[in-house]
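The primary structure of each chain is shown beneath.
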Amino acid sequence: MTPSRTPHVDPAAPARAAPPRAHGPDRIAVMADGPAAGTATLGPDLRILAVDSSFIRYFGRSSAELCGLNLYELLHPSSLPVLREHFLRLRDGRRSRFTQHVLARGSRDEVFPGVLTGVPVQGRSDQRSAVIVLVKPDGRVADEPPSTRHRILLSPVEARILEGVAEGTSTVQMAAKLYLSRQGVEYHVASLFRKMKAPNRAALVSRAHSVGMLTVGAWPPRVVPDYVK
């Protein structure tokens, strides 16, 4: 009978440091929900420290180009207000993680919808030293009206009307709120249909969201200032 062998351990070898752990009981690999999620490590200032191959593929840049960027530089402005609040809560310990639908920017400034998960990372001292973010396209194909290459700019009145349509406000209510006639409101709605190549109000709101014209994760929706003349 062959005696069992005990693995040799070199007593002079340095002990391996324990890797940082995600805050809370969940493991980051579980939260990725499959191999398609791209992962990035952020410093306390949300600048990218490291990325994996999926993250590189989604954003179409090299690791050297991505590292050093602030995460917000890779996201559409419409996604930022709610994300700032999420990251503030992570920093203050009011949240152990968050998941948020966002609009991200690819290598040629193409907008793609996805889901972003943020998890604070703790070192041995239990201090939050970094944040792991997981970005996963949600499978939807964003509409591509002309504004993806040549940004459509709205007048202040058109912006208010688009916000009203997105909120479900009736023509009569918008007319009273904006001191316009019903015909005036319908004129501006028709102008928005032409600009966005949308056949109806539902399609108008959908396309406005798909190009990042409306804020994400906030109610009532607001037009991002970059799209207002």
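Just so we're clear, the structure is a prediction, and the values are computed from it rather than from any experiment.

A. Representation of the overall build of the chain within the structure. Of the regular secondary structure elements, the chain holds eight helices and six strands. Each helix (α) and strand (β) of the chain, taken in turn from the N terminus, gives the series β-α-β-β-α-α-α-β-β-β-α-α-α-α. Here the chain, with 229 residues, has 42% of them falling under the buried criterion. Long-range contacts, defined here as pairs at least 24 residues apart, represent 53% of the contacts in the chain between residues at least 6 apart. Carbon together with sulfur atoms contributes 55% to the accessible area of the chain, which is approximately 13300 Å² in total.

B. Main features of the pattern of salt bridges. By the definition in use, this model includes eight salt bridges. Ionic pairing is found between Asp45 and Arg47, a salt bridge with its closest N-O pair at 3.8 Å. The class of Asp45 is partly exposed, set by a relative accessible area of 46%. Between Asp92 and Arg91 there is a salt bridge, with its nearest N and O atoms 3.3 Å apart. Shared partners join several salt bridges into a network, and the residues in it are Asp45, Arg47 and Glu73.

C. Fine view of the nonpolar core. Counting residues in hydrophobic clusters, the biggest one holds 26 residues, and the most contacted among them are Leu42, Phe55, Phe59, Leu75, Phe87 and Leu116. At the level of secondary structure, the elements contributing two or more residues to this core comprise β2 (38-42), β3 (48-51), α2 (53-59), α4 (80-92), β4 (98-105), β5 (111-122) and β6 (128-137). No other element matches the four residues that α4 contributes to this core.

D. Geometry of unusual backbone geometry. With phi around 70°, Leu46 is a residue other than glycine that occupies positive phi space. Not every positive phi belongs to a glycine, and Tyr179 is a case in point at roughly 60°. Since its relative accessible area comes to 76%, Tyr179 is described here as exposed.

Conventions we followed
- Residues numbered from 1 in each chain as written.
- Predicted model: local features only at pLDDT ≥ 70, side-chain atom pairs only at ≥ 80, totals over all residues.
- Heavy atoms only, no water.
- Helix = DSSP H or I, 4+ residues; strand = E, 2+ residues; numbered from the N terminus.
- Buried < 20%, exposed > 50% of the residue type's maximum accessible area, 1.4 Å probe, protein only.
- Contact = heavy atoms within 4.5 Å.
- Areas by Shrake-Rupley, 256 points an atom, 1.4 Å probe, with all protein chains shown as cover.
- Salt bridge = Lys/Arg side-chain N within 4 Å of Asp/Glu carboxyl O.
- Core = buried A, V, L, I, M, F, W, Y, C linked by side-chain atoms within 4.5 Å.

Read these as layout, nothing more, since geometry by itself doesn't imply function.
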